Amino acid sequence: MGKKDKQQEFVAHITPRNEDFSQWYTDVILKTDLVDYAPVRGCMVIKPYGYGIWELIQQEMDRRFKESGHKNVYFPMLIPESLLRKEAEHVEGFAPEVAWVTQGGSEVLQEKLVIRPTSETLFCAMYAKWVQSWRDLPMRYNQWCSVLRWEKSTRPFLRTSEFLWQEGHTIHATAEEAQEETLLMLEIYREFAEKVLALPTYVGQKSDKEKFAGARATYSMEAMMQDGKALQAGTSHNFGTNFAEAFGIQYLSKEGQLEYVHETSWGTSTRMIGAIIMTHGDERGLRLPPRVAPIQVVILPIAQHKEGVLDRARALAESLKKAGIRVELDDRDTYSAGWKFNEWELKGVPVRLELGPRDIDNGVATVMRRDTLEKSTLPLAGIEDALKALLDDIHATLYRQADEFRRARTYTATDMEGLTRGVQDGFVEAAWCGERACEDRIKELTGATSRNMPFDQSGMPSDVCVCCGKPAGKLMYFAKAY
RNA sequence: CGGGGUGUAGCGCAGUUCGGUAGCGCACGUGCUUUGGGAGCAUGGGGUCGCAGGUUCAAAUCCUGUCACCCCGACCA
């Protein structure tokens, strides 16, 4: 294979409406060492580089949870069948995709256990024990764990049988507080996506059809992938007193009345890593947002066998590390410089620093930023601050590019023709009557589902439903979804 | 769960039509020369052909079953 061919291995995978986008995705996650397929149905192994991203996501998000007053807990993985069955809608929603434990050792169990697909029921069981009085409220807990859902079809990060996530579960004295919490967490997710993942998202309320099993209201943030499809990247639910009534979670109010608590839950998962890949990736591979890049700066000593080069490179790595930059010195002498360039670009490291004899003579380092592929030089003196600024700029650029992309691909439609055309390569904003029948029909005719209803409902494209023509009350985003 | 496809060396594949000693490229080991955009030459190692049965003197190849994975749908974070 010639040089050109090798370099073009990934070229042209991401283009508008390109059917190879899926293929590009699977290629890139395998070639960049993020994951490998496990010898377990629908499950993946997350390798060190991929897990590094998750650790940074956890760190950043956990800090936000702590700042807003949440505490971490850990609950068991197994749920007794009877507990799962307590909330009718919930069990109906999850029953088709739970895995059962029916035997322990050689003994067949009296009561089957499910491996948690989510932990609402366990939290409810414990909250029922823990809450006595209004003084105990609110309780705001979060859990980092994995859950298992017997999915029919799977894809690394986007949908796997077992996946890592965080699930927050809170209970409150009043409906207002619960709603406030639900929206607060949605906003924390949105801000996190923007500031940490460089992901622009659409936030809003889900339709009844798409809401969580057992929720009164579900809110989501939806990101747009480069093939125009939507990826639900986080959800926040308000349960009202649904679960409290099913599980008997009651407290004595200040007035001495026995009241049900109002409950919320919210979650995000490793799916966000899939969102990063499919939003920012390009024909050379990954482009990782600096704040979740396990390696932010890679230093490549050039002609490293020459006197002093490696020493200078090591010193540089050391000083960047001290400055709090996640840096890797690639001093492998078994690969050529060109090979390393390609490999680190493929892996999406935001900044590459080349340090060779010429640079050292001039007191500079050659810098390549992964987002724009622009090459320049920076003086070695004070390079730490310049790099930090550069990383921030890369983050901003990635966000801007993604934001421009989604704006360009967000359409409005007033009829089915426009809707059908729009969802071929993006999101469509349309007026909707609120009826399930129209959602179903739209799904059938266009393949698109309702995503969410923005909080700002102004700018309705028409006053009648895009589907049935009856007077419409809701501004809704429609898109094909992962 | 429906429709389609693929399982042969770490990776990507050829060989299956028509049964007859297991192949290629990359990667990997060793040596020398290289090193600022995927280096070159020489030499070497590595595979119970997804698994289980069956047919046959003989099976990667034919038959039956089974498992895994990929793509497109339906279902879902």
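Use the structure listed above.
Residues numbered from 1 in each chain as written. Chains lettered and ligands numbered in written order. Predicted model: local features only at pLDDT ≥ 70, side-chain atom pairs only at ≥ 80, totals over all residues. Heavy atoms only, no water.

**Q** Explain the overall build of chain A here, please?
**A** Counting secondary structure elements, chain A contains 15 helices and 23 strands. The C-alpha atoms of chain A give 25 Å as radius of gyration, which agrees with the globular expectation for 482 residues (23 Å, within 12%). Each principal axis of the C-alpha distribution contributes one length, and for chain A these read about 80 × 55 × 50 Å. The contacts of chain A with a sequence gap of at least 6 include a subset with a gap of at least 24, amounting to 69%. Here chain A has roughly 21,400 Å² of accessible surface; of this, 48% comes from carbon and sulfur atoms. When the 61 positive and 70 negative side-chain charges of chain A are each reduced to one mean point, those points stand 3 Å apart. (Helix = DSSP H or I, 4+ residues; strand = E, 2+ residues; numbered from the N terminus. Rg over C-alpha atoms; globule rule 2.2 N^0.38 Å. Contact = heavy atoms within 4.5 Å. Areas by Shrake-Rupley, 256 points an atom, 1.4 Å probe, with all protein chains shown as cover. Lys, Arg positive; Asp, Glu negative; His and termini not counted. Charge placed at Lys NZ, Arg CZ, Asp CG, Glu CD.)

**Q** What exactly am I supposed to notice about the layout of surface pockets here?
**A** One simple way to see leftover space: roll a probe sized like a water molecule over the atoms. Of the pockets and cavities examined, the largest pocket occupies roughly 1,400 Å³. In terms of lining, the largest pocket is formed by 42 residues, of which the most central are Glu97, Arg149, Arg159, Glu210 and Gln232. Within the residue set of the lining of the largest pocket, elements represented by two or more residues are α5 (88–94), β8 (162–172), β11 (230–240), β14 (262–269) and α15 (436–446). Grouping the constituent residues of the lining of the largest pocket by class yields eleven nonpolar, 15 polar and 16 charged. (1 Å grid on protein atoms, 1.4 Å probe; cavity = no way out; pocket = protein on both sides within 12 Å on 5 of 7 lines; lining within 4 Å. Points joined across faces, edges and corners; volume = space filled by probe spheres on them. Nonpolar A, V, L, I, M, F, W, Y, C, P; charged D, E, K, R; others polar.)

**Q** What is the right way to read the nonpolar core from this model?
**A** In a soluble, globular protein the nonpolar side chains are often hidden away together inside. Counting 54 residues, the largest nonpolar core has Leu34, Ile57, Phe157, Leu197 and Ile277 as the members making the most contacts within it. At the level of secondary structure, the elements contributing two or more residues to this core comprise α2 (21–31), α3 (48–67), α7 (175–195), β10 (217–224), β11, α9 (271–280), β15 (297–301) and α11 (337–347). Ranked by residues supplied to this core, first place goes to α3 with seven residues. Apart from residues lying up to four places away in sequence, Phe157 is in contact with Tyr25, Ile29, Leu34, Val35, Met44, Ile46, Thr270, Arg271, Ile273, Gly274 and Ile277. Among the nonpolar cores identified, the runner-up in size contains 27 residues, and Val91, Val114, Leu122 and Cys124 belong to it. (Core = buried A, V, L, I, M, F, W, Y, C linked by side-chain atoms within 4.5 Å. Buried < 20%, exposed > 50% of the residue type's maximum accessible area, 1.4 Å probe, protein only.)

**Q** I tried to follow the packing of aromatic side chains on my own but got confused; where do I start?
**A** Both the distance between ring centres and the angle between the ring planes are used here to describe each pair of aromatic rings. Scanning all chains against the criterion turns up 20 aromatic pairs. Look at Phe123 and Tyr127: their rings are 5.9 Å apart centre to centre, the planes differ by 55°, and that puts the pair in the tilted class. In this pair, Phe123 and Tyr127 are both assigned in helix α6 (residues 120–130), four residues apart and thus about one turn of the helix distant. Judged by its relative accessible area of 0%, Phe123 falls in the buried class. Ring pairs connect the aromatic residues Phe75, Phe123, Tyr127, Trp130 and Tyr141, which therefore count as one cluster. The aromatic ring of Tyr482 is capped on one face by Lys229, whose charged end is 4.3 Å from the ring centroid. (Phe/Tyr/Trp six-rings, centres within 6.5 Å; stacked < 30°, edge-to-face > 60°. Lys NZ or Arg CZ within 6 Å of the ring centre and 35° of its normal.)

**Q** Just to check I follow, could you spell out the environment of Arg441 for this structure?
**A** Within the element layout of this structure, Arg441 appears in helix α15. Owing to a relative accessible area of 39%, Arg441 belongs among the partly exposed residues under this scheme. Sequence separation between Arg441 and Ala408 is 33 residues; the distance between their C-alpha atoms is 26 Å.

**Q** Looking at this model, I keep getting lost on the pairing of strand β20 (residues 410–413). Mind explaining?
**A** Each regular strand shows side chains that alternate between the opposite faces of the sheet. Across four bridges, β20 lies against strand β21 (residues 427–432) in parallel orientation. Of the residues in β21, the one forming a bridge with Ala413 is Ala430. Remark: the β20/helix α14 (residues 416–422)/β21 crossover connection has right-handed handedness. (Pairing = 2+ DSSP bridges. Right-handed = clockwise from strand over helix to strand, strands pointing away.)

**Q** Where do I start with the sheet that holds β8 in this structure?
**A** The strand order across the open sheet built from seven strands is β3-β7-β8-β14-β11-β10-β9, with neighbouring strands paired in mixed fashion. Where the open sheet ends on each side, the last strands, each with one partner, are β3 (71–72) and β9 (202–205). Contacting β10, β11 and β14, α9 crosses the sheet at an angle of about 145° to β11. (Axes fitted to C-alpha atoms, helices over the stretch in contact; angles between N-to-C directions.)

**Q** In this structure, what is going on with the packing of α2 against α9? I would like to understand it.
**A** Each pair of packed helices can be summarised by the angle the axes make with each other and by the distance between the axes. Contact pair α2 / α9: the axes reach a minimum separation of 11 Å and the direction vectors enclose 115°. α9 is crossed by α2, and the crossing has right-handed handedness. On α9, the residues touching Phe21, Trp24, Tyr25, Val28 and Ile29 of α2 are Gly274, Ile277 and Met278. Its residues assigned to classes, the contact of α2 with α9 comprises seven nonpolar, one polar and no charged. (Left-handed = near helix turned anticlockwise from the far one by under 90°.)

**Q** Would you explain unusual backbone geometry in this entry?
**A** Of all residues except glycine, most have a negative phi; of all peptide bonds, most are trans. Residue Pro138 follows Leu137 across a cis peptide bond; omega there is -5°. Its place among the elements puts Pro138 in the loop between α6 and β7 (139–148). In the Ramachandran plot, Asp33 falls in the positive-phi region, its phi being about 70° despite a non-glycine side chain. Taking the relative accessible area as the measure of exposure, Asp33 reaches 32% and is therefore partly exposed. Located in the positive-phi region is Leu373, a residue other than glycine, with phi close to 65°.

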